[in-house]
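# Examining the three-dimensional arrangement
What follows is the residue order along each chain.
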Amino acid sequence: MRSPAGKTLKAESPDIVGMQRGACPALAAPMQTGDGLLVRLRPAAGALTLSRFRQLALGAAQHGNGILEITARGNLQIRGLRAETVEPLAADIETAGITVANGVAIEISPLHGIDANEIADAGDMEAALRSRLGGLLTSHHLAPKLSILIDGGGQFSLACLTADIRLVAQQTGQWLLSIAGDAQAATPLALDNVDAVITAVGELLDMLIASGRQMRARTLETAALHARFPQMDSIRFTQAAPKKPSFVGPTRLADGKIVLGVRLQFGQVKAADLISFLDAAESAGAQQIRLAPDRGFLLIGLTETALAAMQRTAIEHGFSVTANEPAEQIAACAGAGACASAFYDTRALAGRLTALIPALFDGSVKLHLSGCVKGCAHRRADLAIVGSAEGYSLVLDGLAADRPTARIAGERIDFAIERLARLIEDKRSVGESSADCLKRLGPTDLAKALQQE
Ligand code: SF4
């Protein structure tokens, strides 16, 4: 791989065993979006050295449009590729020694192996699953979006993430196997030792494969599940409470080292900003990054003395180091300036919204700012503001492509934001959340208020 300056980048030895090297599997099936092809990839065990992360950023600049994303599930995305640049990117990834797991996506606790509070190492469990069930996990008969989650416990919990198949470490030394949903909603099937639960996961995958390509765990028949897991209704377990609600900000590990969680603004970062930030992090002693759910990553290996300066550096590079900022409630796509299909600058509008309607951002509301009707950034939101040739469409409780609640001409968007601010201020009942207020107002009242002079 060559840097923009033409410097040849050195390959490092691969990080992990049990992962397929060679042609990056994620790059075999890039997705078409409004700003070119997109590839989603999860580096082995969700971990990268700083040098390799830098090389991925260089690859994004060289072969894509220079924008990298980290998704709500902690996966990396490189945007703006063209058909002829996908293969060179795959070759660069291989040359750099970055290993990408093949087959079903497996998401694991971000601090696996280094968190003394972890009950069991989720990384070991992933390696064991891939080693024993490799053939099943790469079957083309599994649904493309099938997901497996492994929560080893510890400082951060993956309880809020949904998954088809979830494995959660228990204090008893066993693993809880459940399916379909987040930690609260998933249906428990088995509570057993490592070997037995891996066998059970294999049987579940067999059931899904036998049922057809698009089958997800939630659609498995209850009778078939009971036949295989007769004890499922009598399983008793305790849900360990996470020590920290958010990965963002500093966390102290038992060995005295500091982990700094940084969140990408709207889940995106420009390659140049990321490279510059990683250079500073390396100088400050960071050795590795771990991808984290909720659009960010953790810097591993910082010292206490380097922390304050690193937090300032993160902010200067556009990252967030404070949990629960208003921007967390906004999903914004690349927008004008980064995507040729965009009708407006989504990030600029996000800034205006957080400045002008602070009352809207009480933690309850999900906002989606979409440069066009394709809606790349988010699936469903309480309120979506969608760009079009005529201006903006507002969609209440829906997708960017849904029928708009109101249409706003381009030059009237600031006026509409002011109206929305006043509406929330005037109409919200005591103790009512913004999301509930928007829901109660409904499409008719909202459209009327936004269009009134
Ligand atoms: S939703 Fe945004 S990123 Fe996707 S194609 Fe439209 S403008 Fe581009």
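So, how was this worked out
- Residues numbered from 1 in each chain as written.
- Predicted model: local features only at pLDDT ≥ 70, side-chain atom pairs only at ≥ 80, totals over all residues.
- Heavy atoms only, no water.
- Helix = DSSP H or I, 4+ residues; strand = E, 2+ residues; numbered from the N terminus.
- Rg over C-alpha atoms; globule rule 2.2 N^0.38 Å.
- Buried < 20%, exposed > 50% of the residue type's maximum accessible area, 1.4 Å probe, protein only.
- Contact = heavy atoms within 4.5 Å.
- Areas by Shrake-Rupley, 256 points an atom, 1.4 Å probe, with all protein chains shown as cover.
- Lys, Arg positive; Asp, Glu negative; His and termini not counted.
- Charge placed at Lys NZ, Arg CZ, Asp CG, Glu CD.
- Near = heavy atom within 4 Å.
- Nonpolar A, V, L, I, M, F, W, Y, C, P; charged D, E, K, R; others polar.
- Domains from an automatic or database assignment.
- Buried area = accessible area lost by both parts, 1.4 Å probe.
- Core = buried A, V, L, I, M, F, W, Y, C linked by side-chain atoms within 4.5 Å.
- Pairing = 2+ DSSP bridges.
- Axes fitted to C-alpha atoms, helices over the stretch in contact; angles between N-to-C directions.
- Parallel < 35°, antiparallel > 145°, perpendicular 65-115°, else oblique.
- Left-handed = near helix turned anticlockwise from the far one by under 90°.
- Patch = residues over 30% accessible without salt bridge, like charges linked within 9 Å, V, L, I, M, F, W, Y side chains within 5 Å.
- Salt bridge = Lys/Arg side-chain N within 4 Å of Asp/Glu carboxyl O.

Looking only at helices and strands, one finds 10 helices and 21 strands in the protein chain. Here the protein chain has a C-alpha radius of gyration of 23 Å; the compact-globule value for 453 residues is 22 Å, and the two agree. With the C-alpha coordinates of the protein chain rotated into their principal frame, the extents come out at 65 × 60 × 45 Å. In the protein chain, which comprises 453 residues, the share counted as buried stands at 53%. The long-range share in the protein chain, meaning contacts at least 24 apart out of those at least 6 apart in sequence, stands at 63%. As displayed, the protein chain offers around 19,600 Å² of accessible surface, 52% of which is attributable to carbon and sulfur atoms. Averaged over its 45 positive side-chain charges, the protein chain has a centre that lies 2 Å from the centre of its 47 negative ones.

The immediate surroundings of the ligand are formed by Gly34, Cys333, Ala334, Cys339, Ser341, Ala342, Ser370, Gly371, Cys372, Gly375 and Cys376. Residue classes in the shell around the ligand are distributed as six nonpolar, five polar and no charged.

For the rest of this paragraph, the subject is the domain arrangement of the protein chain. Considered domain by domain, the protein chain is made up of domain 1 (111–234), domain 2 (249–326) and domain 3 (328–451). Here the C-alpha centroids of domain 1 and domain 2 sit 30 Å apart. With eight residues of domain 1 in contact, the opposing surface of domain 2 contributes nine residues. The junction of domain 1 with domain 2 conceals about 730 Å² of combined surface from both sides, 72% of it contributed by carbon and sulfur atoms.

Now for unusual backbone geometry. Peptide bonds are mostly trans, and most non-glycine residues show a negative phi. In this structure, arginine 295 takes a positive phi of about 70° despite not being glycine. For arginine 295, the location among the structural elements is in the loop between strand S14 (288–292) and strand S15 (296–302). Residue classification places arginine 295 among the buried residues on the basis of a relative accessible area of 18%.

On to the nonpolar core, then. By size, the foremost hydrophobic cluster in this structure holds 47 residues, and its most contacted members are Leu68, Leu76, Leu274, Ile289, Phe297, Leu299 and Phe319. Residues in contact with leucine 274, not counting those within four places in the same chain, are Phe53, Ala57, Leu68, Val269, Phe297 and Phe319.

This part takes up the sheet that holds strand S18 (residues 367–370). Either a parallel or an antiparallel arrangement is found when strands of a sheet pair, and the pairing is made through backbone hydrogen bonds. Strand order in the open sheet formed by five strands is S17-S18-S19-S20-S21, with mixed pairing between adjacent strands. Every other strand in the sheet has two partners, leaving strand S17 (330–332) and strand S21 (406–409) as the edge strands with one partner each. The sheet shows a mean angle of 20° between the axes of neighbouring strands, taken without regard to direction. One ladder, built from four bridges, connects S18 with strand S19 (residues 381–388); its direction is parallel. Within S19, the residue paired with leucine 369 across the bridge is isoleucine 385.

Once that is clear, we can look at the packing of helix H1 (residues 50–63) against helix H2 (residues 83–95). Relative orientation of the contacting elements H1 and H2 amounts to 160°, with a least axis distance of 10 Å. Looking at the two axes, H1 sits roughly antiparallel to H2. Note on packing geometry: the crossing formed by H1 with H2 is right-handed. Taking contact as the criterion, the partners of Leu56, Gly59, Gln62 and His63 in H1 are, on H2, Thr85, Pro88, Leu89, Asp92 and Ile93. Tallied by class, residues from the contact of H1 with H2 come to four nonpolar, four polar and one charged.

Pairing in this open sheet of five strands is antiparallel, and the strands run S1-S2-S5-S4-S13 from one edge to the other. Taken across any chain shown, the strands that pair with only one partner, and hence form the sheet edges, are strand S1 (31–33) and strand S13 (268–270). Across the sheet, the axes of successive neighbouring strands diverge by a mean angle of 30°, strand direction being ignored. With four bridges joining them, strand S2 (residues 36–41) and strand S5 (residues 76–81) adopt antiparallel strand pairing. Following the sheet pairing, valine 39 is matched in S5 by isoleucine 78. Contacting S2 and S5, H2 runs over the sheet at an angle of about 140° to S5. Seen against the sheet, helix H6 (residues 271–283) touches strand S4 (67–70) and S13 and runs at an angle of roughly 80° to S13.

Moving on, we get to a positive patch on the surface. Taken together, the side chains of Arg40, Lys145, Arg218 and Arg379 present a region of like positive charge at the surface. Mapped onto the fold, arginine 218 is located in the loop between helix H4 (194–211) and helix H5 (222–228).

So, on to the pairing of S4. Where burial is concerned, the two faces of S4 agree: the one with Ile67 and Glu69 and the one with Leu68 and Ile70 are both buried. With three bridges connecting them, S4 and S13 associate as antiparallel partners. Considered in S13, the bridge of glutamate 69 is made with glutamine 268. Linking S4 to S5, which pair antiparallel, is a turn of five residues; within it glycine 74 sits at a positive phi near 80°.

With that settled, consider the pattern of salt bridges. As enumerated under the stated definition, the model contains 16 salt bridges in all. One salt bridge connects glutamate 282 with arginine 54, and the closest N-O pair in it is separated by 2.4 Å. A residue pair is termed long-range when its members are at least 10 positions apart, and glutamate 282 in helix H6 and arginine 54 in helix H1 qualify at 228 residues. A relative accessible area of 38% means that glutamate 282 is categorised as partly exposed. The partner of arginine 73 in a salt bridge is glutamate 107, and the shortest N-O contact between them spans 2.7 Å. Note that arginine 73 is positioned in the loop between S4 and S5 and glutamate 107 in strand S6 (residues 105–108), a separation of 34 residues in sequence.

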